[in-house]
Amino acid sequence: RDTMLESAEILIAEYPNDFTKKDLTEHIDDLIKRFCNKALGDTIYRVGRDLIRKLSPEDRLVGIIKKGFDRKLSVDKILYALVCGFYFRATDEDGKMFDKDIEFVECYFNNGLEYTLLKLCAFDKDYHKELIEKAINFAEKIKNKYKVI
């Protein structure tokens, strides 16, 4: 919820005539309620897979991070979520990863976090230097906390 509220602040700054804090907060609360509804049958596999698309520059996390960074707004929670996404390995009921996620691991992730941030997410090495450093620090915390490789 806090991460989504951080995104909401960026959207309000970016589109002041289109969004209000009240409307976005209500939308966030509705989303969270729907996430909790098991009757919808939305699996972690379906929601979490397709990392190449979901971690791309025009999609959810990277796009809002860049907008917030440009406006000098807080993006730490969203950046943390992005880095968590790098370590997510969704498998279907047969234990198989989505083909594009295998490609993500082999073509991006295995080349390092900074490589992934630059090549997949299209962060600029100089302009986004502060974000890249924070992402690397978040990755270390994630690896230590969750014992991931």
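Quick note: structure is the one above.
A few points on the structure. It should be emphasised that the depicted structure is a prediction, and the values quoted were computed from it without experimental measurement. (Residues numbered from 1 in each chain as written. Predicted model: local features only at pLDDT ≥ 70, side-chain atom pairs only at ≥ 80, totals over all residues. Heavy atoms only, no water.)

**Some words on the packing of aromatic side chains**
Here is step 1 of the chain: Counting across every chain of the model gives 7 aromatic pairs.
Here is step 2 of the chain: Judged by centre distance (5.2 Å) and plane angle (90°), the ring pair of Phe69 and Tyr127 falls under edge-to-face. Here the residue Phe69 occupies a position in helix H5 (residues 60-70), and Tyr127 occupies one in the loop between helix H8 (113-119) and helix H9 (129-146), the gap between them amounting to 58 residues.
Here is step 3 of the chain: Tyr127 sits in the partly exposed class, given a relative accessible area of 45%.
Here is step 4 of the chain: Between Tyr80 and Phe138, the ring centres sit 5.3 Å apart and the planes meet at 85°, which makes this aromatic pair edge-to-face. Residue Tyr80 is located in helix H6 (residues 76-87), and its partner Phe138 is located in helix H9; the two are separated by 58 residues in the primary sequence.
Here is step 5 of the chain: Through pairs of rings, three or more aromatic residues link up here, namely Phe86, Tyr87, Phe104 and Phe109.
Here is step 6 of the chain: Its guanidinium or amino end placed over the ring of Phe123, Lys66 lies 5.3 Å from that ring's centre, counting from NZ or CZ.
Here is step 7 of the chain: Sitting over the face of the ring of Phe109, Arg89 holds its NZ or CZ atom 4.6 Å from the ring centroid. (Phe/Tyr/Trp six-rings, centres within 6.5 Å; stacked < 30°, edge-to-face > 60°. Helix = DSSP H or I, 4+ residues; strand = E, 2+ residues; numbered from the N terminus. Buried < 20%, exposed > 50% of the residue type's maximum accessible area, 1.4 Å probe, protein only. Lys NZ or Arg CZ within 6 Å of the ring centre and 35° of its normal.)

**A few points about the side chain of Asp92**
Here is step 1 of the chain: Its place among the elements puts Asp92 in the loop between H6 and helix H7 (99-107).
Here is step 2 of the chain: For the buried Asp92, no salt bridge exists, and the shortest N-O distance to an oppositely charged side chain is 6.3 Å, to Lys96.
Here is step 3 of the chain: A distance of 2.8 Å separates a polar side-chain atom of Asp92 from the backbone nitrogen of Asp94. (Lys, Arg positive; Asp, Glu negative; His and termini not counted. Salt bridge = Lys/Arg side-chain N within 4 Å of Asp/Glu carboxyl O. Polar contact = N/O pair within 3.5 Å; in protein donor to acceptor, adjacent residues only side chain to side chain.)

**Remarks on the side chain of Asp50**
Here is step 1 of the chain: Among the structural elements, Asp50 can be located in the loop between helix H3 (44-48) and helix H4 (51-54).
Here is step 2 of the chain: At 3.0 Å, the side chain of Asp50 forms a polar contact with the side chain of Arg53.
Here is step 3 of the chain: Ignoring anything within four residues of it in the chain, the contact list for Asp50 reads Phe98, Lys100 and Asp101. (Contact = heavy atoms within 4.5 Å.)

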